[in-house]
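Listed here are the chains, written in short residue letters.
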Amino acid sequence: MNAPHGPLSPRSRVKRLAERADYERATLDAIVDAAYVCHVAFVDQRGTHCIPTACWRIGDHLYIHGSNGSQMLKAAVDGAQLCVTITHLDGLVLARSAFNHSMNYRAAVIYGVAEKVDEARKGEVLDALVEKIAHGRSAEARRANAKELAATTVLSIALDEYACKVSTGGPNDDEADLDLAVWAGVLPLALTPQAARPAASANGVQIDEPSYVSDWARA
């Protein structure tokens, strides 16, 4: 079934610069899959909060996790409405006028109520996070033991209500400003892998770099 071409709910309708709105699931998946961190906004008895946390996607759900003592996760388990945001900043757009400076970006807002992942699936879901960090890593690293799993809450949020907003291209100058002797253009930005930095060898044993580490900076 194809994703709808319009907003999925009144609160997910983009009103400001609506021409930049994108409600396609493929766009949402690409934004989520390129992210390691999201921001989760929620309200509890202490007030309004917005917390950064690791995120990953499996199929039609976004996942987050943390300590059982996390106030954010406790509020989510209790049924708090969540608003999850992800933003990728792709460039700074320099126009000929200060007013028309802008940014290129890909952003997603996801609304929903979280569900607690049951104990039987928790290890499998956390393996998917390790695989997102480095494909092949979950087969080498020690998996979480029973004590570690018991201390961890994993939540899923259905990707049923969302909106994406994407801005690309160069400056949108007023016609009256086009003859100004001012440089205009885009300063691109990207999250770039760097060379891996190995930890000190354990017990004097030197471990060869796995391919997913040696290939990291070339990815």
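So, how was this worked out
Residue numbers run consecutively from 1 along every chain, following the written order of its sequence. Residue-level local features of this predicted model are given only where pLDDT is at least 70; pairs of side-chain atoms are given and counted only at 80 or more, and the full residue set underlies all totals for whole chains, interfaces and linings. Only hydrogens and water are removed before side-chain values are computed, so all heavy atoms of the structure are retained for them. Secondary structure follows DSSP: runs of H or I at least 4 residues long count as helices, runs of E at least 2 residues long count as strands, and numbering of each begins at the N terminus. Think of it in three bands: residues with accessible area under 20% of the maximum for their type are buried, residues over 50% are exposed, and the middle band is partly exposed, with areas taken using a 1.4 Å probe on protein chains only. Residue contacts are counted whenever heavy atoms from the two residues lie within 4.5 Å of one another. Residues form patches when they are more than 30% accessible in relative terms and have no salt bridge. Like charges link within 9 Å. Nonpolar side chains (Val, Leu, Ile, Met, Phe, Trp, Tyr) link within 5 Å. Per-residue and other accessible areas follow the Shrake-Rupley method at a 1.4 Å probe size, with only the shown protein chains counted as cover for residues. For this document, the term salt bridge refers to a Lys or Arg side-chain nitrogen within 4 Å of an Asp or Glu carboxyl oxygen. By the convention used here, strands pair only if DSSP detects at least 2 bridges between them. Fitted lines through C-alpha atoms give the axes, limited to the stretch in contact for helices. The angle between two N-to-C directions lies from 0 to 180 degrees. Definition of a polar contact: a pair of N or O atoms within 3.5 Å, with one able to donate and the other able to accept a hydrogen when the atoms are protein atoms, and with sequence-neighbouring residues admitted only if both atoms are side-chain atoms. The pairing test for Phe, Tyr and Trp rings, Trp by its six-membered ring, is centres within 6.5 Å, and the orientation test on the planes gives stacked under 30 degrees, edge-to-face over 60, and tilted for anything in between. The rule is short: NZ of Lys or CZ of Arg within 6 Å of the ring centre and within 35 degrees of the ring normal puts a charge over the ring.

Enquirer: Would you mind showing me how to read the overall build of the chain here?
Expert: Regarding its fold elements, the chain presents five helices and eleven strands. Principal axes of the C-alpha set define a box for the chain whose edges measure 65 × 45 × 40 Å. Taken over 219 residues, the chain has a buried fraction of 34%. Excluding contacts between residues fewer than 6 apart, the proportion of contacts in the chain whose partners are at least 24 apart in sequence is 70%.

Enquirer: Help me understand a nonpolar patch on the surface, please; the structure alone is not making it clear to me.
Expert: On the surface, a cluster of nonpolar side chains totalling about 430 Å² of accessible area is made up of Tyr36, Val37, Leu191 and Trp216. Within the secondary structure, Leu191 sits in the loop between β11 (185-188) and α5 (211-214). For Leu191, a relative accessible area of 76% corresponds to the exposed category.

Enquirer: Looking at this structure, I do not really get the pattern of salt bridges. What am I missing?
Expert: Between side chains of opposite charge, pairing is possible as soon as their charged atoms come close. Throughout the structure, instances matching the rule amount to twelve salt bridges. Across the pair Asp44 and Arg46 runs a salt bridge whose closest N-O atoms are separated by 3.0 Å. With a closest N to O distance of 3.0 Å, Glu119 and Lys122 form a salt bridge. Separated by three residues within a single helix, Glu119 and Lys122 lie in helix α3 (residues 119-133), roughly one turn from each other. Glu119 gets classed as exposed once you look at its relative accessible area, which sits at 51%. Judged by relative accessible area, Lys122 falls into the buried class, the value being 2%. Each of Arg25, Asp29, Asp33, Arg57 and Asp60 takes part in one network of salt bridges that share partners.

Enquirer: Is there a simple way to explain unusual backbone geometry in this structure?
Expert: Working note: non-glycine residues mostly have negative phi, and peptide bonds are mostly trans. A positive phi is found at Leu17, a non-glycine position, where the angle reads about 50°. Within the secondary structure, Leu17 is located in the segment before β1 (21-22).

Enquirer: In this structure, what is going on with the sheet that holds strand β4 (residues 56-58)? I would like to understand it.
Expert: Adjacent strands of a sheet form backbone hydrogen bonds with each other and so pair up, either parallel or antiparallel. Read across the open sheet, the four strands follow the order β4-β5-β9-β8; overall the sheet is antiparallel. Looking at which strands have only one partner, the edges of the open sheet turn out to be β4 and β8 (115-116). Relative to strand β5 (residues 61-67), β4 runs antiparallel, the two being bridged by three bridges. Counted as the bridge partner of Arg57 is Leu62 from β5. Running at roughly 120° to β4, α3 makes contact with β4, β5 and β9 (152-158) of the sheet.

Enquirer: Looking at this structure, how should I read the environment of His101?
Expert: Mapped onto the elements, His101 comes out in the loop between β6 (81-94) and β7 (102-113). The spacing of His101 and Val186 is 85 residues in sequence and 9.8 Å in space, taken between C-alpha atoms. Sequence-distant contacts of His101, that is, excluding residues within four places in its chain, are made with Val93, Leu94 and Ala95. A distance of 2.8 Å separates a polar atom in the side chain of His101 from the backbone oxygen of Ser97.

Enquirer: What exactly am I supposed to notice about the environment of Cys55 here?
Expert: Position of Cys55 among the secondary structure elements: in the loop between β3 (47-54) and β4. Here Cys55 falls in the buried class, since its relative accessible area comes to 1%. Along the backbone, Cys55 and Tyr36 are 19 residues apart, and their C-alpha atoms lie at a distance of 5.8 Å. Contacts of Cys55, omitting those with residues within four sequence positions, involve Ala35, Tyr36, Val37, Cys38, Leu62, Tyr63, Ile64, Ile86 and Lys132.

Enquirer: Please clarify how the packing of aromatic side chains should be interpreted in this entry.
Expert: Within the structure shown, the criterion is met by one aromatic pair. When the centroid spacing of 6.0 Å and the interplanar angle of 25° are considered together, the rings of Trp56 and Tyr63 count as stacked. The side chain of Lys132 reaches across the aromatic face of Tyr36, ending 5.7 Å from its centre.

Enquirer: Explain the pairing of β3 to me, please; I cannot follow it from the model alone.
Expert: Where strand β2 (residues 37-44) meets β3, eight bridges bridge the pair, whose relative direction is antiparallel. Note on β3: the bridge partner recorded for Val37 is Ala54. Here β2 folds back onto β3, and the loop between the two strands holds two residues.

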